[in-house]
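A closer look at the structure
So the chains spell out like this:
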Amino acid sequence: VSAAVCMLMTAGCGKNVSRTSPELKAELASEKTSAEIFSELISSSTANTEEKSSEEVPSDAEKKPEPVITALESVEVYDAITVADFIIESEAEIVNGDDLLDTSQTGEFEISVSYLQDGAVFEKKMSYVVEDTEMPLILNTGWNPYHKTGTAFDLNDYVGFADNYDRSPVLTYEGGVDPDTAGDYPITATVTDSSGNQTSWDMCIYVVDELPNPPDTNERIDFGDFMSDYAGEGRQFGIDVSTWQGDIDFNAVKEAGCSFVMIRIGYYYDDIVMDDRFYDNIQGARDAGLDIGVYFYTTDNSVETIREHTRWIAETLGGEPTDLPVAFDWEEFTNFQKYGMNIRDLNELYLAFSDEMSTFGYETMLYSSKNFLNNFWSSDIKNSSPVWLAHYVDETDYEGDFYIWQQSNCGRISGIYGDVDMNIMYTG
């Protein structure tokens with residue numbers, strides 16, 4: 001075909017016809033033009049190619065139909081859902097069953113599901129919706145608060161709440177509160193998240209001319225009695241201290257039966273501040289032969305700042321080892337909504353804290369109360385990190401594992417003037 005086409009093109013363009021072959025002259029003299037001959041040659045070539053292709057490619061009737069694969073229409077935000085969990089039923093073997101769906105935010109998404117058919121792998125695009133169906137969590141119901149007359153009233157000052165997904169759920173209330181007139185004002189408070197989930201509760205605002213100052217009726221417990229009450233195999237007894245305990249005689253603390261001490265290294269509100277007595281406390285505890293750990297009180301609300309502050313902790317420790325983990329202490333749940341986080345965010349903060357401390361060779365521990373351990377902190381964190389439980393009762397009913405139990409904040413021990421927190425460490 002190529003040679004014939006080339007000859008035809010030469011004849012069509014050349015000007016010296018006397019040099020044309022006799023055969024080609026005869027062809028040119030026929031009724032068919034060169035363009036017609038070229039068209040026939042191309043058509044013949046195309047027909048041959050199509051005939052060959054039809055022999056190699058099966059017809060649509062011979063192709064197997066795509067297997068039926070059905071899946072969930074929606075999943076919950078942040079849930080770890082694999083393709084295998086996502087698929088409800090399939091006529092084919094799923095290849096990428098361990099792949100995770102993107103559930104990092106609400107909305108409509110698409111994933112490629114790979115399946116095996118006749119020894120070959122095919123892909124099927126499947127859509128799903130990520131939903132948030134959890135109601136906001138109330139962390140502090142206000143406990144029927146007192147409000148002083150003549151001051152601006154904002155219900156956010158008295159209640160605390162959080163959402164699993166929304167970082168800025170909205171607080172509203174039904175009922176009137178006159179902050180300038182003393183009286184009892186019953187209201188119904190409601191928190192609504194961005195997905196429309198709501199949590200409501202009833203409370204009463206007491207507007208008063210003078211705020212009450214209830215007396216301290218907490219019973220003080222001697223450290224010796226504390227050890228006797230909770231004696232048992234595989235247990236050690238200790239305290240946690242900060243600048244609030246003032247000048248401490250750690251030798252007297254040791255002689256009283258204390259074997260370990262958790263020491264505040266510093267705290268963060270608007271700026272990071274070292275505890276005034278940190279160096280004195282850590283040196284005094286070491287000299288007395290006590291096992292030591294440190295804790296950091298923080299109101300951090302971003303991974304970047306907690307990593308920065310974790311590096312500050314490591315620098316302050318100067319590479320010196322601790323006998324017990326470095327504890328993460330975040331307690332600002334009373335007005336949690338003011339920090340612009342959701343529940344997942346704070347869990348991520350602890351993970352960043354733990355990860356950063358590990359680069360400096362320090363183990364970490366989570367400090368929290370029973371309520372927030374049950375309702376706020378993830379099982380993954382509680383199962384992978386030591387827990388320092390705060391629960392001021394005679395016998396804790398917290399069902400999770402814990403390494404240290406802070407049983408009282410009203411302890412008394414030789415070597416310290418005033419109250420001190422008392423702890424039990426479980427080593428067995």
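Here we summarise the structure given alongside this text. These numbers come from a predicted model, not from an experiment. (Residues numbered from 1 in each chain as written. Predicted model: local features only at pLDDT ≥ 70, side-chain atom pairs only at ≥ 80, totals over all residues. Heavy atoms only, no water.)

Strand order in the open sheet formed by four strands is β8-β12-β11-β10, with mixed pairing between adjacent strands. What marks the edges here is a single partner per strand, and that holds for β8 (146-148) and β10 (170-174). For this sheet, the mean angle separating the axes of adjacent strands, direction not counted, is 40 degrees. With five bridges connecting them, β10 and strand β11 (residues 183-192) associate as antiparallel partners. When the sheet's bridge partners are listed, E174 is paired in β11 with T188. (Pairing = 2+ DSSP bridges. Helix = DSSP H or I, 4+ residues; strand = E, 2+ residues; numbered from the N terminus. Axes fitted to C-alpha atoms, helices over the stretch in contact; angles between N-to-C directions.)

Before going further, it helps to spend a moment on unusual backbone geometry. When glycine is set aside, most residues are seen to have a negative phi, and most peptide bonds are trans. Not every positive phi belongs to a glycine, and D118 is a case in point at roughly 55 degrees. Checked against the element boundaries, D118 lands in the loop between β5 (107-117) and β6 (120-131). Residue classification places D118 among the exposed positions, given a relative accessible area of 59%. Even without a glycine there, the phi angle at N144 is positive, about 50 degrees. Among the secondary structure elements, N144 is positioned in the loop between β7 (137-140) and β8. (Buried < 20%, exposed > 50% of the residue type's maximum accessible area, 1.4 Å probe, protein only.)

Let us look at the sheet that holds β6. Pairing is mixed across the open sheet formed by four strands, whose spatial order is β2-β6-β5-β4. What marks the edges here is a single partner per strand, and that holds for β2 (74-76) and β4 (93-94).

Let us look at the side chain of D329. Inspection of the secondary structure puts D329 in strand β18 (residues 326-329). R264 provides the closest opposite charge to the buried, salt-bridge-free D329, at an N-O distance of 7.5 Å. If we ignore the near neighbours within four places in the chain, the residues touching D329 are Y295, F296, Y297, T298 and Y367. (Lys, Arg positive; Asp, Glu negative; His and termini not counted. Salt bridge = Lys/Arg side-chain N within 4 Å of Asp/Glu carboxyl O. Contact = heavy atoms within 4.5 Å.)

Once that is clear, we can look at the nonpolar core. One broad rule of soluble globular proteins: the nonpolar side chains tend to lie buried together. If you look at the biggest cluster of nonpolar residues, it comprises 58 residues, and the most contacted ones within it are I239, F328, L346, F376 and W377. By residue number, the principal contributor to this core is helix α9 (residues 343-359), which donates seven residues. V75, F86, L101 and F109 belong to the second largest nonpolar core, which has 18 residues in total. (Core = buried A, V, L, I, M, F, W, Y, C linked by side-chain atoms within 4.5 Å.)

This next bit is on the environment of T322. One can find T322 in the loop between α8 (303-317) and β18. In this structure T322 touches I292, L317 and Y362, once residues within four positions along its chain are discounted. A polar atom in the side chain of T322 sits 2.8 Å from the backbone oxygen of L324. (Polar contact = N/O pair within 3.5 Å; in protein donor to acceptor, adjacent residues only side chain to side chain.)

Running from N to C, α8 and α9 cross one another at 35 degrees; their axes reach a closest spacing of 9 Å. Crossing handedness for the pair α8 and α9: right-handed. Across the interface between the two elements, V303, I306, R307, T310, R311 and I313 from α8 touch E348, L349, A352, F353, D355, E356 and M357 from α9. Split into classes, the residues belonging to the contact of α8 with α9 amount to seven nonpolar, one polar and five charged. (Left-handed = near helix turned anticlockwise from the far one by under 90°. Nonpolar A, V, L, I, M, F, W, Y, C, P; charged D, E, K, R; others polar.)

With 15 residues, α8 extends 21 Å from end C-alpha to end C-alpha; this agrees with the ideal 21 Å at 1.5 Å per step. Among the residues of α8, those classed as buried are I306, H309, T310, W312, I313, A314, T316 and L317. The secondary structure elements touched by the buried residues of α8 are β15 (260-268), β16 (272-274), α7 (278-287), β17 (291-298), β18 and α9. A positive phi of about 65 degrees marks G318, the residue just after α8. (Expected span 1.5 Å × (residues − 1).)

The next point concerns the environment of I282. Within the secondary structure layout, I282 lies in helix α7. Under the relative-accessibility criterion, I282 is labelled buried at 12%. For the pair formed by I282 and F250, sequence separation is 32 residues and the distance between their alpha carbons is 9.8 Å. Leaving out residues up to four positions away in the same chain, I282 has contacts with I263, I292 and L317.

With two bridges connecting them, β4 and β5 associate as antiparallel partners. Considered in β5, the bridge of I94 is made with Y115. Note that β5 and β6 share eleven bridges and pair antiparallel. In the strand pairing of β6, S112 is matched with K125.

With that out of the way, let us pick up the packing of aromatic side chains. Throughout the structure, instances matching the rule amount to 31 aromatic pairs. Centre to centre, the rings of F296 and W312 are 6.2 Å apart; their planes meet at 45 degrees, and the pair counts as tilted. Placement of the pair is F296 in strand β17 and W312 in helix α8, with a sequence separation of 16 residues. Taken individually, F296 and W312 each receive the classification buried, so the pair is uniform in this respect. Each member of the aromatic cluster is reached from another via a ring pair, and the members are F328, W330, F333, F336, Y339, Y350, F353, F372, F376 and W377. Sitting over the ring of Y78, R344 keeps its end group 4.3 Å from the ring centre. (Phe/Tyr/Trp six-rings, centres within 6.5 Å; stacked < 30°, edge-to-face > 60°. Lys NZ or Arg CZ within 6 Å of the ring centre and 35° of its normal.)

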